[in-house]
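Summary of structural features
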There are 2 protein chains.
Amino acid sequence: MLVLITYDVNTEDAAGKKRLRRVAKECVKNGQRVQCSVFECLLDTAQCKLLQASLLKIIDTNKDSLRFYYLGKNYKTRIEHFGAKAGYDPEGTLIL
Amino acid sequence: MLVLITYDVNTEDAAGKKRLRRVAKECVKNGQRVQCSVFECLLDTAQCKLLQASLLKIIDTNKDSLRFYYLGKNYKTRIEHFGAKAGYDPEGTLIL
């Protein structure tokens, strides 16, 4: 299933900046960055729970916001992109 | 239906900062800000097309990114929130 992850990390202090870097790094490992704080990840339920647990260990739940949107398997018709950094196909072939 | 709107506006110059303010203002008029650049909007198809058209007039499609995610009517089970700024119910009663 496609899981959309969005986050706002409070970067007022150095600890916040560190959390932001760690959240981004964890998301990069698990999916595709489509915007600065928006990732699309193809995960099964177990992988999703693991990623959730990792991210919850990183964020400060009093200061940071983390949202998961479950777009299911038939997500292609649910997404529309406009402008720069065109959409990608997370199941597509990677051409090097 | 619930439409999730996410954007990245390139704010390198003053024109970009102005676009960002205008995009945010347009989204605020049409939905609920759940994160800095993430809005959830309850719209019908016509309203959604109008909002899309308005936003496309504002953004610079060479520099800015705009994504629409269509979460349908049964969106409640599709969203999970963690941390600060807890989720809201877009159909809920507004208590003043």
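What this report covers is the structure whose coordinates are included nearby. (Residues numbered from 1 in each chain as written. Chains lettered and ligands numbered in written order. Predicted model: local features only at pLDDT ≥ 70, side-chain atom pairs only at ≥ 80, totals over all residues. Heavy atoms only, no water.)

**Focus: the packing of helix α1 (residues 14-30) of chain B against helix α2 (residues 45-58) of chain B**
All names here are of chain B. Orientation of α1 relative to α2, taken along the N-to-C sense of each, is 170°, at an axis distance of 9 Å. Comparing their axes, α2 and α1 come out roughly antiparallel. Side by side, α1 and α2 meet where Arg19, Arg22, Val23, Glu26, Cys27 and Asn30 of the first sit next to Leu51, Ser54, Leu55 and Ile58 of the second. (Axes fitted to C-alpha atoms, helices over the stretch in contact; angles between N-to-C directions. Helix = DSSP H or I, 4+ residues; strand = E, 2+ residues; numbered from the N terminus. Parallel < 35°, antiparallel > 145°, perpendicular 65-115°, else oblique. Contact = heavy atoms within 4.5 Å.)

**Observations regarding the relation of the copies chain B and chain A**
Two chain copies here: they are related by a rotation about an axis and a translation along the same axis. Expressed as a screw transformation, the operator carrying chain B onto chain A has a rotation angle of 180° and an axial translation of 0.0 Å, and the superposed copies differ by an RMSD of 0.0 Å. Expressed as an axis order, the relation between the two copies is that of a two-fold axis. The rotation axis passes nearest to the C-alpha of Leu71 of chain B in chain B, at a distance of 3.6 Å. Counting the interface residues of chain B, we find that 100% of their copies in chain A are interface residues as well, pointing to one common contact surface. (Least-squares fit on C-alpha atoms with pLDDT ≥ 70 in both.)

**A short note on the interface of chain B and chain A**
Counting from both sides, the interface comprises 33 residues of chain B and, opposite them, 33 residues of chain A. If you sort the residues of chain B by the area they bury against chain A, Arg67, Arg78 and Phe82 of chain B come out on top, with a joint share of 24%. Put simply, chain B and chain A have 2 salt bridges between them. The tally of links from chain B across to chain A stands at 28 residue pairs in polar contact (both at pLDDT 80 or more). Counting residues per element, the ones that place at least two in the side of chain B that touches chain A are β1 (2-8), β2 (32-35), β3 (38-42), α2, β4 (65-72) and β5 (79-83) of chain B. With 8 residues, the top contributor of residues to the side of chain B that touches chain A is β4 of chain B. Its residues assigned to classes, the side of chain B that touches chain A comprises 14 nonpolar, 11 polar and 8 charged. Of the pairings in the sheet, the one linking strand β5 (residues 79-83) of chain A to β4 of chain B comprises 5 bridges and is antiparallel in character. Bridge pairing links Glu80 of chain A to Phe68 of chain B in β4 of chain B. (Buried area = accessible area lost by both parts, 1.4 Å probe. Salt bridge = Lys/Arg side-chain N within 4 Å of Asp/Glu carboxyl O. Polar contact = N/O pair within 3.5 Å; in protein donor to acceptor, adjacent residues only side chain to side chain. Nonpolar A, V, L, I, M, F, W, Y, C, P; charged D, E, K, R; others polar. Pairing = 2+ DSSP bridges.)

**Things to note about the sheet that holds β5 of chain A**
Each strand in a sheet pairs with its neighbour through backbone hydrogen bonds, running either in the same direction (parallel) or in the opposite one (antiparallel). Strand order across the open sheet formed by 5 strands is β5(A)-β4(B)-β1(B)-β3(B)-β2(B), with antiparallel pairing between neighbours. If you trace the sheet from one side to the other, it starts and ends with β5 of chain A together with β2 of chain B, each paired once. Neighbour to neighbour, the strand axes of the sheet diverge by 25° on average, direction disregarded. Lying on the sheet, α2 of chain B is in contact with β5 of chain A together with β1, β3 and β4 of chain B; it crosses β4 of chain B at an angle near 170°.

**Description of the state of the cysteines**
Following the criterion strictly, the structure yields 0 disulfides over all chains and no others. In this structure Cys36 of chain B is not part of a disulfide, and its nearest cysteine sulfur, from Cys36 of chain A, lies 9.8 Å away. Residue Cys36 of chain B is classed as partly exposed on the basis of its relative accessible area, which comes to 45%. Here Cys41 of chain B is not disulfide-linked; the sulfur of Cys27 of chain B is the nearest cysteine sulfur, at 5.8 Å. Exposure remark for Cys41 of chain B: the relative accessible area of 0% places this residue in the buried category. (Disulfide = S-S within 2.5 Å. Buried < 20%, exposed > 50% of the residue type's maximum accessible area, 1.4 Å probe, protein only.)

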